[in-house]
Amino acid sequence: MKLTLEEPRILVDSVNVVSELVNDVIFKIDKNQIKLVAMDPANVAMVHFTLLSSAFTAYQVDKPVSIAINLDAFKTILRRVKPSDVLTIELDEEKHRLRLQLKSEATRTFNLALIDMEDKEHKIPELTFPVKIETLSYRFDEAVQDMDVVSESVALVAMKDTFCVEAESNLNDARTELHADEETIIKSPGKEPIKAKYSIEYLKKILKGAKLSNKMTLQFNKDYPLKVDYLVKDKVQLTFILAPRVAND
Amino acid sequence: MKLTLEEPRILVDSVNVVSELVNDVIFKIDKNQIKLVAMDPANVAMVHFTLLSSAFTAYQVDKPVSIAINLDAFKTILRRVKPSDVLTIELDEEKHRLRLQLKSEATRTFNLALIDMEDKEHKIPELTFPVKIETLSYRFDEAVQDMDVVSESVALVAMKDTFCVEAESNLNDARTELHADEETIIKSPGKEPIKAKYSIEYLKKILKGAKLSNKMTLQFNKDYPLKVDYLVKDKVQLTFILAPRVAND
Amino acid sequence: MKLTLEEPRILVDSVNVVSELVNDVIFKIDKNQIKLVAMDPANVAMVHFTLLSSAFTAYQVDKPVSIAINLDAFKTILRRVKPSDVLTIELDEEKHRLRLQLKSEATRTFNLALIDMEDKEHKIPELTFPVKIETLSYRFDEAVQDMDVVSESVALVAMKDTFCVEAESNLNDARTELHADEETIIKSPGKEPIKAKYSIEYLKKILKGAKLSNKMTLQFNKDYPLKVDYLVKDKVQLTFILAPRVAND
């Protein structure tokens, strides 16, 4: 296996986001893609990450492999990557480690020990969503930060042509309204508002995905999981599924 | 009551400065202005803040009102204001709260609960000052920071055409001299130096006023209170009165 | 004694670097230079600093003097120096203190108490080095930071035309290769690799010298001290000697 990335930023940013939720992970690498499906330790959020072979300048995978990595250790190395570096990743099966080579003026090599980890297959749940919002990442990010002033959970409310983000505490409350426009597409049945509540703490972790793409998609239903997608065409698909907070949370 | 600010920065900066000294305050709002007079909990400094109706694009006040606010809670909301936001403030008397609406791409509404607080009228003392210094805010700010290296109190000394800021500790001492020039006007009787000492901790809080105006006025007398003024023409008047440190402080 | 610096930055940066290793120091000032030789408290690194009279716009020293200074106290004053300040240093022998005057728009004076300190003469050891590397400061700095990811000590390895910086821990390892080019000159006997290990903690302190010069020189031998030089022509010579880590460190 030998993979070369001329824009290593995309891997660095992806690993940073994923590591907000999970630490020890298994990457599955086959001839089409690198894939990761993981659940956060509290079982509240699932992350599904795909880095397509087309994101690489050279992508050679002879047989599918699964490699278990500690993301904290991986990140300390990735933090050393400069934008001008060409990153080559090789698997040293014998020594059970990943070799990362960074090439610019100097040639720098890091060998990262793989970890041992049981492969719990996480099945991605089949969900159907009546509501779908496409918007600019920073708009939803700001709305969640607004609510953070008031509470630790947020209600998403979809109406026809309007998407609201709301929060309330004993004393204060807050509300952001986004209206359908060129940058925001709101698909909602619209007869009556569809509302669900989610943890702000988790949303803030998920919203780090904005580093990858300035657009995002939100899908949800009444008291139902939220699905968040960031897409970098022909390169990355990053999806989160977040459990709702119910009634007396 | 309905007030609209197209440049909300002026309110945000003012509240940030005032909150350096006091936390729970009463704003008095009438058809000409929003006013606040408060004393810091240690009774060392008084702040007198006026935001004129002419600072607003719309200013509608039917009858004078007094509203008590916790500035920490107010600041967490004001921190969410973007420069491009148009801020509208309304009083919801029934629910005993202030409604803040921020309008740009999105419409964002925050409701802030008012607090209950006894209205101790603070009388602004009548003071007369033989010394008056007008200078650039950053010049005096730097002088105070210089003295902070050496001591926790500072002596202001006015002579004819020269204004000195001095400090000394057991071992070290420091002194900054400002001379009258185009940017610094020094009015002092000048026969002999007039000197008074003040707390650096308090001066540093007061000097946050430099965010509002790049000019400031200092007035003092021998072992007498210091009066500091920041003025934004037709918009804001921010005045501080700081008690002196005497002999064996 | 009266010394004037129009670019005080060079003194500020030098003191910042030296203070990484030592706190109480003796500066020896004669008609040619200001000199300091000191050993860090753990006896692992020696620093040898010379600021030449030619760095000053005015340099008047009547007789050689030794002055003992606490660098932390000195730094709190130097932190107040602005790039536009002209710095004048005078010795007030009677009051046993150093007078620092900063002149720009304002005239600012700081008096720093000298300390009492025994003058242990540190002899600079005579060392001979088969290996000499000249390179850009940031290149070696980055290599050391790379190794910091993996271990707390680093091995320097000189071969013909190649200079390697290596580190390894139980699990992971890292290696940076620098090749001779226009900016990197490698002088090494080259028959077989010459290798020595040094503390990363100390190297990081020494490498703050990059603030002074974008070029540096490294000299070492097998399991032998490392000599690091930063040179600002006609102004500053800053040299460090760092003890090696041996076998079972």
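Residue numbers run consecutively from 1 along every chain, following the written order of its sequence. Lettering of chains starts at A and numbering of ligands starts at 1, both following the order in which they are written. Totals for whole chains, interfaces and linings use every residue, but because this is a predicted model, local features are given only for residues with pLDDT of at least 70 and side-chain atom pairs only at 80 or more, for both listing and counting. Water and hydrogen atoms play no part in the side-chain values, which are based on all heavy atoms of the structure.

Caption draft 1: Molecular detail of the interface of chain B and chain C. Contacts are residue-level and defined by heavy atoms, with any inter-residue pair within 4.5 Å sufficient. With 14 residues of chain B at the interface, the matching set in chain C holds 14 residues. The three residues of chain B that bury the most area against chain C are B:Asp146, B:Val149 and B:Asp173, which together make up 36% of that side's buried surface. Between C:Lys82 and B:Glu142 there is a salt bridge; the shortest N-O distance is 2.8 Å. Two N or O atoms form a polar contact when they lie within 3.5 Å of each other; inside protein one atom must be a possible hydrogen donor and the other a possible acceptor, and for residues adjacent in sequence the pair counts only when both atoms belong to side chains. Connecting chain B to chain C are 12 residue pairs in polar contact (both at pLDDT 80 or more). Mapped by element, the contributors of at least two residues to the side of chain B that touches chain C are helix H3 (137-148) and strand S13 (173-179) of chain B. Numbering of helices and strands starts at the N terminus; helices are DSSP runs of H or I of at least 4 residues and strands are runs of E of at least 2. No other element matches the 6 residues that S13(B) contributes to the side of chain B that touches chain C. Partitioning the side of chain B that touches chain C into residue classes produces 5 nonpolar, 3 polar and 6 charged. As paired strands, S13(B) and strand S9 (residues 107-113) of chain C are joined by 5 bridges and run antiparallel to one another. Residue pairing across strands places B:Asp173 opposite C:Asn111, the latter belonging to S9(C). Simply put, the buried area is the total loss of 1.4 Å probe accessible area from both parts when two parts are fitted together. A pairing counts as a salt bridge when a side-chain nitrogen of Lys or Arg comes within 4 Å of a carboxyl oxygen of Asp or Glu. The nonpolar class holds Ala, Val, Leu, Ile, Met, Phe, Trp, Tyr, Cys and Pro. Asp, Glu, Lys and Arg form the charged class, and all remaining residues, Gly among them, are polar. Between any two strands, at least two bridges found by DSSP are needed for them to pair.

Caption draft 2: Broad picture of the relation of the copies chain B and chain C. Fitting of the copies onto one another was done by least squares over C-alpha atoms, counting residues only where both copies have pLDDT of at least 70. Taken as rigid bodies, chain B and chain C are interconverted by a rotation of 120° and an axial shift of 0.2 Å, the fit giving an RMSD of 0.0 Å. Both copies of the chain, as the preceding transformation shows, are related through a three-fold rotation axis. Rotation axis and chain B: the residue whose C-alpha lies nearest the axis is B:Arg79, separated from it by 18 Å.

Caption draft 3: Spotlight on the domain arrangement of chain A. Residues and elements named next belong to chain A. Assigned domains within chain A: domain 1 (2-113) and domain 2 (131-224). The C-alpha-based centres of domain 1 and domain 2 are spaced at 31 Å. Taken together, the contact between domain 1 and domain 2 spans 10 residues of the former and 7 residues of the latter. Here domain 1 and domain 2 share an interface that buries about 760 Å² over both sides, 69% of which is from carbon and sulfur atoms. Broken down residue by residue, the surface that domain 1 buries against domain 2 is led by Asp13, Val17 and Glu20, which jointly contribute 58%. Along the contact surface separating domain 1 from domain 2 lie 0 salt bridges. Joining domain 1 to domain 2, the criterion identifies 2 residue pairs in polar contact (both at pLDDT 80 or more). Among the residues forming the side of domain 1 that touches domain 2, the class breakdown is 6 nonpolar, 1 polar and 3 charged. Residue ranges for the domains trace back to a domain assignment, done automatically or taken from a database.

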